[in-house]
Amino acid sequence: MKFIVDTDPGTDDAVAILIALAHFNDDEFLAITTVAGNVTVEVGTKNALRLLEHTNRNNIPVYKGEEKPLYRELTTAEWVHGSDGLNGVDFPNPSKNEETLDAVSYIKNLLLKSDEKITICVLGPMTNIGKVLSQNPKLSSNIEQIIFMGGGAGFGNTTPVAEFNFFVDPEAVNIVLNSGVKLIMMGLDVTHQAIATKARLEDILETKTVTGKNIVGLMSSLSDIEVVRELFPDGTPVHDAFVTAYLVDNTLTNGKFVNIEIETKSELSLGQSVIDINSVTGRKKNVYWMNQVNDDKLFEIIKFASSKLP
Ligand code: RIB
Ligand code: CA
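Just so we're clear, the structure is a prediction, and the values are computed from it rather than from any experiment. (Residues numbered from 1 in each chain as written. Chains lettered and ligands numbered in written order. Predicted model: local features only at pLDDT ≥ 70, side-chain atom pairs only at ≥ 80, totals over all residues. Heavy atoms only, no water.)

(A) Quick look at the coordination of the calcium ion (ligand 2). Each protein donor to the calcium ion (ligand 2) is listed here as Asp-8 (OD), Asp-13 (OD), Asp-13 (OD), Leu-123 (O) and Asp-240 (OD); together their distances run 2.2 to 2.6 Å. One chain supplies every donor to the calcium ion (ligand 2), and in sequence these donors are spaced D-x4-D-x109-L-x116-D. Placement of the pair is Asp-13 in helix α1 (residues 11-23) and Asp-240 in the loop between α11 (226-231) and α12 (241-248), with a sequence separation of 227 residues. Overall, Asp-13 belongs to the buried group, its relative accessible area being 0%. (Donors = N, O, S within 2.8 Å, 3.2 Å for Na, K, Ca; no water. Helix = DSSP H or I, 4+ residues; strand = E, 2+ residues; numbered from the N terminus. Buried < 20%, exposed > 50% of the residue type's maximum accessible area, 1.4 Å probe, protein only.)

(B) Inspection of the pattern of salt bridges at higher detail. A complete count under the given rule lists 9 salt bridges for this structure. As a salt-bridge pair, Asp-26 and Arg-57 come within 2.7 Å of each other at their nearest N and O atoms. In this pair, Asp-26 is assigned in the loop between α1 and β2 (29-34) and Arg-57 in the loop between α2 (41-54) and β3 (62-64), connecting sequence segments 31 residues apart. Classification of Arg-57 as buried rests on a relative accessible area of 14%. Glu-42 is the partner of Lys-64 in a salt bridge, and the nearest nitrogen-oxygen pair spans 3.7 Å. Of this pair, Lys-64 sits in strand β3 while Glu-42 sits in helix α2, and the two are 22 residues apart along the sequence. Owing to a relative accessible area of 28%, Lys-64 belongs among the partly exposed residues under this scheme. What emerges from the salt-bridge pattern is a single network uniting Arg-200, Asp-295 and Asp-296. (Salt bridge = Lys/Arg side-chain N within 4 Å of Asp/Glu carboxyl O.)

(C) Structural context of the site of ligand 1. Near ligand 1, the surroundings consist of Asp-8, Asp-12, Asp-13, Asn-38, Leu-123, Met-149, Asn-157, Glu-163, Phe-164, Asn-165, His-239 and Asp-240. For ligand 1, an oxygen atom lies 2.9 Å from a polar atom in the side chain of Asn-165. Taken by itself ligand 1 offers 270 Å² of open surface, and the protein chains cover 96% of this. For the shell around ligand 1, the class distribution of residues is 3 nonpolar, 4 polar and 5 charged. (Near = heavy atom within 4 Å. Polar contact = N/O pair within 3.5 Å; in protein donor to acceptor, adjacent residues only side chain to side chain. Areas by Shrake-Rupley, 256 points an atom, 1.4 Å probe, with all protein chains shown as cover. Nonpolar A, V, L, I, M, F, W, Y, C, P; charged D, E, K, R; others polar.)

(D) Main features of the packing of α1 against helix α13 (residues 295-308). Contact pair α1 / α13: the axes reach a minimum separation of 9 Å and the direction vectors enclose 65°. In terms of orientation, α1 lies roughly perpendicular with respect to α13. As α1 packs across α13, the resulting crossing turns out to be left-handed. Only Ile-301, Ile-302, Phe-304, Ala-305 and Lys-308 of α13 make contact with α1, whose side of the interface consists of Val-15, Leu-18, Ile-19, Ala-22 and His-23. Within the contact of α1 with α13, the residues separate by chemical class into 8 nonpolar, 1 polar and 1 charged. (Axes fitted to C-alpha atoms, helices over the stretch in contact; angles between N-to-C directions. Parallel < 35°, antiparallel > 145°, perpendicular 65-115°, else oblique. Left-handed = near helix turned anticlockwise from the far one by under 90°. Contact = heavy atoms within 4.5 Å.)

(E) Summary view of the sheet that holds strand β9 (residues 287-293). Taken in spatial order, the 9 strands make up an open sheet running β3-β2-β1-β4-β5-β6-β9-β7-β8, and their pairing is mixed. Either end of the sheet is taken by a strand with one partner, and the two such strands are β3 and β8 (273-276). Going from strand to strand, the sheet's axes swing by 30° on average, the running direction of each strand aside. Sheet topology note: the strand β6 (residues 183-186)/β9 ladder contains 2 bridges and is parallel. The partner of Ile-184 across the bridge, within β9, is Tyr-288. Against the sheet, α2 touches β2 and β3, its axis set at about 175° to β3. (Pairing = 2+ DSSP bridges.)

(F) Layout of helix α5 (residues 127-135). Of the positions making up α5, those classed as buried are Thr-127, Asn-128, Ile-129, Gly-130, Val-132 and Leu-133. Looking at the buried side of α5, the elements it contacts are β1 (2-7), β2, α4 (103-113), β4 (118-122), β5 (143-149) and α7 (170-177).

(G) Representation of unusual backbone geometry in the model. Across the junction of Pro-9 and Gly-10, the peptide omega takes the value -20°, indicating a cis bond. At Asn-56, a position not held by glycine, the phi torsion is positive, near 55°. Inspection of the secondary structure assignment puts Asn-56 in the loop between α2 and β3. If you check the backbone angles, Ser-279 has positive phi at about 55° while not being a glycine.

Put into structure tokens, the structure is as follows:
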């Protein structure tokens, strides 16, 4: 299985990337592509390089992606992830730079040349993937599946109805939803069911590794934000971890094949994922919408990554 991770690191992105680094080798984990979202694409790109430096995986290339959504101005979330994107958690500075080729060109070339289909893990706004598919629709047949964190049925975390990744670039999501690619959605419906409780964080610290300490730092840093602490008094979700943990063990979640569309026009509900759970519209089903999760399994996978990495 060959995959890439498209990401806006981001504290929970970092946990997801560390899970992938712990479980897959360089022949499987082909590259990291970065996109603007939680932080600017410059900051996110540096963080991807820092994670590779920390884990001695500098053979994995990093390609810098789009610095703003397809048609809109960028909305970031430094208030959640800090100006450095990792809330000050101590990862080393990188000893290498990102590749000179941009992410969209890299993804297009990879899909054109690969002798096997590629899985794409999307942890942030879908700008890069949306641009690749809008410019080259036929490349959808070279994609094995897109596993993404985004959306949610009936509630949001950025507006009352929109999740952040969907809100930042709804037009890119719309392209992906209508691409014909096999789509696996890890929305707020599952991510809010797996909480980084104090007991789970202490269990990860038992690994006695720097990675374990840093993962706890990443996950607990969000609880330092009052509004987050009020929403999640027992600990926070680790949204993006679901995507790469599902690569590790696809029994992590279960769900339903449904039709999902996204609102791209209304100011009131921009970015809302409209999930036709009961098929009342008759619209073509296009997404495996996950809504059940084995949350203990998620944290077992995070703990294993913490024990396996430096
Ligand atoms: O809504 C949560 C998502 O938005 C996560 O991917 C987080 O990293 C942010 O990008
Ligand atoms: Ca993210």
